[in-house]
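# Coordinate analysis (summary)
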Amino acid sequence: VWRSRFGERGRIQTGQLKAVIPPMPELKISVIKCPGSAQLEEAFEITCLVTNTSNQSMRLRSILERQPGAGVLWSGITKKIHNELPSKASMEVVFRLVPVIPGLQNIGPLSFVDMLSNQKKYISKIGQVFVEHTPNGTLTQGFLHLTS
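Once a new chain begins, its residue numbering starts again from 1 and follows that chain's sequence as written. pLDDT decides what is reported in this predicted model: residues at 70 or higher carry local features, side-chain atom pairs at 80 or more are listed and counted, and totals for whole chains, interfaces and linings draw on all residues regardless. Side-chain numbers here rest on the full set of heavy atoms in the structure, without hydrogens or water.

## Things to note about the overall build of the protein
- Regarding its fold elements, the protein presents 0 helices and 11 strands.
- Strands here mean DSSP runs of E at least two residues long; helices mean DSSP runs of H or I at least four residues long; both are numbered from the N terminus. For the protein, the sequential pattern of α-helices and β-strands runs β-β-β-β-β-β-β-β-β-β-β.
- Exposure categories follow from relative accessible area, calculated using a 1.4 Å probe and restricted to protein chains: below 20% of the type maximum is buried, above 50% is exposed, and the middle band is partly exposed. Burial status across the protein gives 34% buried among its 148 residues.
- Every residue pair with non-hydrogen atoms within 4.5 Å of one another is taken to be in contact. Within the protein, contacts between residues at least 6 apart in sequence are counted, and of these 68% link residues at least 24 apart.

## Thoughts on the packing of aromatic side chains
- In this analysis, rings of Phe, Tyr and Trp, with Trp reduced to its six-membered ring, are considered paired at centre separations within 6.5 Å, and the interplanar angle assigns stacked below 30 degrees, edge-to-face beyond 60, and tilted for intermediate values. Under the criterion given, the structure shown has 2 aromatic pairs.
- Ring geometry for Trp74 versus Phe95: centroids 5.8 Å apart, planes at 70°, classification edge-to-face. Of this pair, Trp74 sits in strand S5 (residues 72-75) while Phe95 sits in strand S7 (residues 90-99); the two residues are 21 residues apart in sequence, bridging distant segments of the chain.
- A relative accessible area of 3% means that Trp74 is categorised as buried.
- On the accessibility criterion, Phe95 (5% relative accessible area) is buried.
- Taken together, the aromatic side chains of Trp74, Phe95 and Phe112 make up a single cluster linked through ring pairs.

## So, the sheet that holds strand S4 (residues 58-64)
- Strands are labelled as partners when DSSP assigns at least two bridges between them. Taken together, the 4 strands give an open sheet; going across it, the order is S6-S4-S9-S10, and neighbouring strands pair in antiparallel fashion. At either margin of the open sheet sits one strand with a lone partner, and together these are strand S6 (79-85) and strand S10 (120-123). For this sheet the average axis-to-axis angle between neighbouring strands, irrespective of direction, equals 20°.
- Taken together, the 4 bridges between strand S9 (residues 110-114) and S10 define a ladder with antiparallel strand orientation. Note on S10: the bridge partner recorded for Leu110 is Ile123. For helices, the fitted axis covers only the stretch in contact; all axes are lines through C-alpha atoms, and the angles between them, taken along N-to-C directions, range from 0 to 180 degrees.

## Some remarks on unusual backbone geometry
- The residue after Gly108, namely Pro109, is reached through a cis peptide bond having omega 0°.
- Positionally, Pro109 belongs in the loop between strand S8 (103-107) and S9.
- Even without a glycine there, the phi angle at Glu41 is positive, about 65°.
- Considering the arrangement of structural elements, one finds Glu41 in the loop between strand S2 (37-39) and strand S3 (44-52).
- The backbone phi angle of Lys88 is positive, close to 60°, even though this residue is not glycine.

## Some thoughts on the side chain of Thr51
- Residue position: Thr51 is located in strand S3.
- Given a relative accessible area of 17%, Thr51 falls into the buried group.
- Within 3.5 Å is the distance limit for a polar contact, defined as a pair of N or O atoms, with the added protein rule that one can donate a hydrogen and the other accept it, and that residues adjacent in sequence qualify only through two side-chain atoms. Among the polar contacts made by the side chain of Thr51, one reaches the side chain of Ser90 at a distance of 2.8 Å.
- Discounting residues that sit within four places of it in the chain, Thr51 has contacts with Glu26, Leu27, Lys28, Leu85, Ala89 and Ser90.

Below, the structure is given as structure tokens:
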């Protein structure tokens, strides 16, 4: 207990704390299928579940981005427009990849853009895959990274 200059007992004054509730993301993305390992130069697929948690429909475009020196390349169309995703609905999106460097490789980055509201959901790393050498396998330069 302390006393003020006038001999009164001291009091602690605090302001009302306002709890800030973080906004719920309008687009939720979960990886539901991703292999733990893959063979060098043999394509594999990952499956993502995309859920629209907003109150409005979304028209999504997925953008698969390539990092310089990446050990896994996206195969196919890298900027794809998907069907309309109604409010509170989900859809599965399958991506095809080809590993070109052995060892533990990161998968990503990946973005989803709502073409109606122009909001973007960016995922820097979807997961990891361990790339193994195939018996008698050799690394070729025959893979093409397509963008459209």
